[in-house]
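Coordinate analysis (summary)
Okay, here's what each chain looks like letter by letter:
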Amino acid sequence: MKTLVLLRHGESEWNLENKFTGWTDVDLSTKGIEEAKNAGKLLKEKGYDFDIAYTSYLQRAIHTLQLALKEMGRENLPVVKTWKLNERHYGALQGLNKAETAKKYGEEQVQIWRRSFDIQPPALKPEDDRNPARQELYNEIDKADLPLTESLKDTIARVIPYYEQEILPKMNEKKRVIIAAHGNSLRALMMYFEGLTEEEITKVNIPTGVPLVYEFDDQGKMSKKFYLGDAAEIEAKMKAVASQGKAK
Ligand code: DG2
């Protein structure tokens with residue numbers, strides 16, 4: 001049996017302000033810091049430990065991982081950072097308030113932008129300073145690979161090959177892995193692990209700062225999946241994520 005833990009970062013400053021975030025590099029809110037610490041406490045309490053961690057290039061995920069590992073007394077764990085685990089690029093929606101956008105374009109349109117499988121939000125213009133190809137953080141990356149917008153399908157196209165080529169071999173070597181990433185880069189992995197349809201994945205909302213445990217049998221098939229923590233609290237957090245796109 002293999003175990004893998006996924007962790008969406010704690011609430012970010014822009015989750016708090018209900019803004020489309022994507023590749024915007026905002027930090028955790030005060031609540032997000034607490035959520036990250038609690039995730040670490042919970043993991044330790046339940047007896048989880050890791051040999052290697054993976055995270056994105058974005059500080060909300062990196063800091064969540066660091067805070068959780070600190071709580072576990074595992075600050076020295078090897079950590080691999082990759083842009084392939086970055087959040088889905090939200091294109092020109094980045095920085096807009098989700099509820100105001102729903103008021104302007106309708107909740108249905110916002111739901112399509114947030115949860116459809118293959119529809120991309122409007123793209124950033126290449127000359128936009130937010131174009132990752134113009135940002136120092138992505139200097140090392142082949143510019144042709146960097147997006148100006150992404151659908152979930154596009155996100156899957158970078159996340160899953162990375163998982164198969166880099167993370168799965170480590171798990172096959174019996175390394176215990178934790179991945180700290182984002183709502184949509186983790187939805188990409190969930191869709192893949194659980195064989196969800198394009199329709200089913202539209203209903204999946206991942207709560208912030210809650211460890212999600214996957215168990216796989218010896219053939220690599222998912223055998224069990226569960227969140228750690230209080231079920232009612234987790235349910236309420238998922239509902240809160242789902243309703244971020246309501247006009248209010
Ligand atoms: C959120 C996800 O990403 O938003 O980019 O706004 O997980 O990095 O906070 P995260 C964003 P939704 O797709 O749930 O609207």
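Residues numbered from 1 in each chain as written. Predicted model: local features only at pLDDT ≥ 70, side-chain atom pairs only at ≥ 80, totals over all residues. Heavy atoms only, no water.

The chain has the name 2,3-bisphosphoglycerate-dependent phosphoglycerate mutase in an unreviewed UniProt entry, where Blautia liquoris is given as its organism. Quoted straight from UniProt, the Sequence similarities (unreviewed entry) entry for the chain says "Belongs to the phosphoglycerate mutase family. BPG-dependent PGAM subfamily." (UniProt positions renumbered as here; feature names shortened; annotations may be inferred.)

Attention shifts here to the overall build of the chain. Helices and strands together make up the secondary structure of the chain, namely 9 helices and 6 strands. The globule rule puts the C-alpha radius of gyration for 248 residues at 18 Å, and the 17 Å found for the chain is close to it. For the chain, the spread of C-alpha atoms along the principal axes amounts to about 45 × 40 × 35 Å. When each of the 248 residues of the chain is scored for burial, the buried share is 51%. Counting only contacts in the chain whose residues sit at least 6 apart along the sequence, the fraction spanning at least 24 positions is 76%. Surface exposure of the chain reaches about 11600 Å², of which carbon and sulfur atoms provide 49%. (Helix = DSSP H or I, 4+ residues; strand = E, 2+ residues; numbered from the N terminus. Rg over C-alpha atoms; globule rule 2.2 N^0.38 Å. Buried < 20%, exposed > 50% of the residue type's maximum accessible area, 1.4 Å probe, protein only. Contact = heavy atoms within 4.5 Å. Areas by Shrake-Rupley, 256 points an atom, 1.4 Å probe, with all protein chains shown as cover.)

In the vicinity of the ligand lie 17 residues, with G22, E87, Y90, R114 and R115 positioned nearest. T21 places a polar main-chain atom, nitrogen or oxygen, 2.9 Å from an oxygen atom of the ligand. Separating an oxygen atom of the ligand from a side-chain N or O atom of H182 is a distance of 2.9 Å. Protein contact buries 99% of the 400 Å² of open area that the ligand shows by itself. Taken together, the elements giving at least two residues each to the shell around the ligand come down to α5 (107-115) and α7 (183-194). (Near = heavy atom within 4 Å. Polar contact = N/O pair within 3.5 Å; in protein donor to acceptor, adjacent residues only side chain to side chain.)

As recorded in UniProt, the feature "active site" (unreviewed entry) lies at H9 and E87. Considering the C-alpha atoms alone, the annotated residues occupy 79 residues of sequence yet fold into one spot, their largest mutual distance being 10.6 Å. Looking at the element boundaries, H9 is found in the loop between β1 (2-8) and α1 (13-16). Take H9: its relative accessible area is 2%, and that puts it in the buried class.

Another aspect to go through is the pattern of salt bridges. All told, the structure shown has 12 salt bridges when counted by the stated rule. Between D129 and R134 there is a salt bridge, with the nearest N and O atoms lying 3.1 Å from each other. Since its relative accessible area comes to 49%, R134 is described here as partly exposed. (Salt bridge = Lys/Arg side-chain N within 4 Å of Asp/Glu carboxyl O.)

Let us look at the side chain of N205. Looking at the element boundaries, N205 is found in the loop between α8 (198-201) and β5 (211-216). Exposure remark for N205: the relative accessible area of 11% places this residue in the buried category. A polar contact of 2.9 Å, which involves the side chain of N205, links it to the side chain of R115. If near-sequence neighbours (up to four positions away) are discounted, N205 is found in contact with R115, Y227, M238, V241 and A242.

Attention now moves to the nonpolar core. Membership of the largest hydrophobic core comes to 33 residues, with the highest contact counts inside it found for L4, L6, I179 and L189. Those elements that place two or more of their residues in this core are β1, β2 (52-55), α6 (152-172), β4 (177-181), α7 and β5. Here this core takes 8 residues from α6, the largest share from any one element. Apart from the residues lying within four places of it in its own chain, the contact partners of L189 are L6, V159, I160, Y163 and I179. (Core = buried A, V, L, I, M, F, W, Y, C linked by side-chain atoms within 4.5 Å.)

This brings us to the packing of helix α2 (residues 30-45) against helix α3 (residues 59-72). For the pair α2 and α3, interaxial distance at closest approach is 7 Å and the crossing angle is 40 degrees. One way to sum up the angle between α2 and α3 is to call them oblique. As for how α2 packs across α3, the hand of that crossing is right-handed. Across from I33, A36, K37, G40, K41, L43 and K44 in α2, the residues of α3 making contact are T64, L67, A68, E71 and M72. Class assignment for the residues of the contact of α2 with α3 results in 6 nonpolar, 2 polar and 4 charged. (Axes fitted to C-alpha atoms, helices over the stretch in contact; angles between N-to-C directions. Parallel < 35°, antiparallel > 145°, perpendicular 65-115°, else oblique. Left-handed = near helix turned anticlockwise from the far one by under 90°. Nonpolar A, V, L, I, M, F, W, Y, C, P; charged D, E, K, R; others polar.)

Scanning all chains against the criterion turns up 12 aromatic pairs. Between Y163 and Y192, the ring centres sit 5.9 Å apart and the planes meet at 70 degrees, which makes this aromatic pair edge-to-face. With Y163 in helix α6 and Y192 in helix α7, the pair connects residues that are 29 residues apart, well separated along the chain. Residue classification places Y163 among the buried residues on the basis of a relative accessible area of 3%. Ring geometry for Y163 versus F193: centroids 5.1 Å apart, planes at 75 degrees, classification edge-to-face. In this pair, Y163 sits in helix α6 while F193 sits in helix α7, placing the two residues 30 residues apart along the sequence. (Phe/Tyr/Trp six-rings, centres within 6.5 Å; stacked < 30°, edge-to-face > 60°.)

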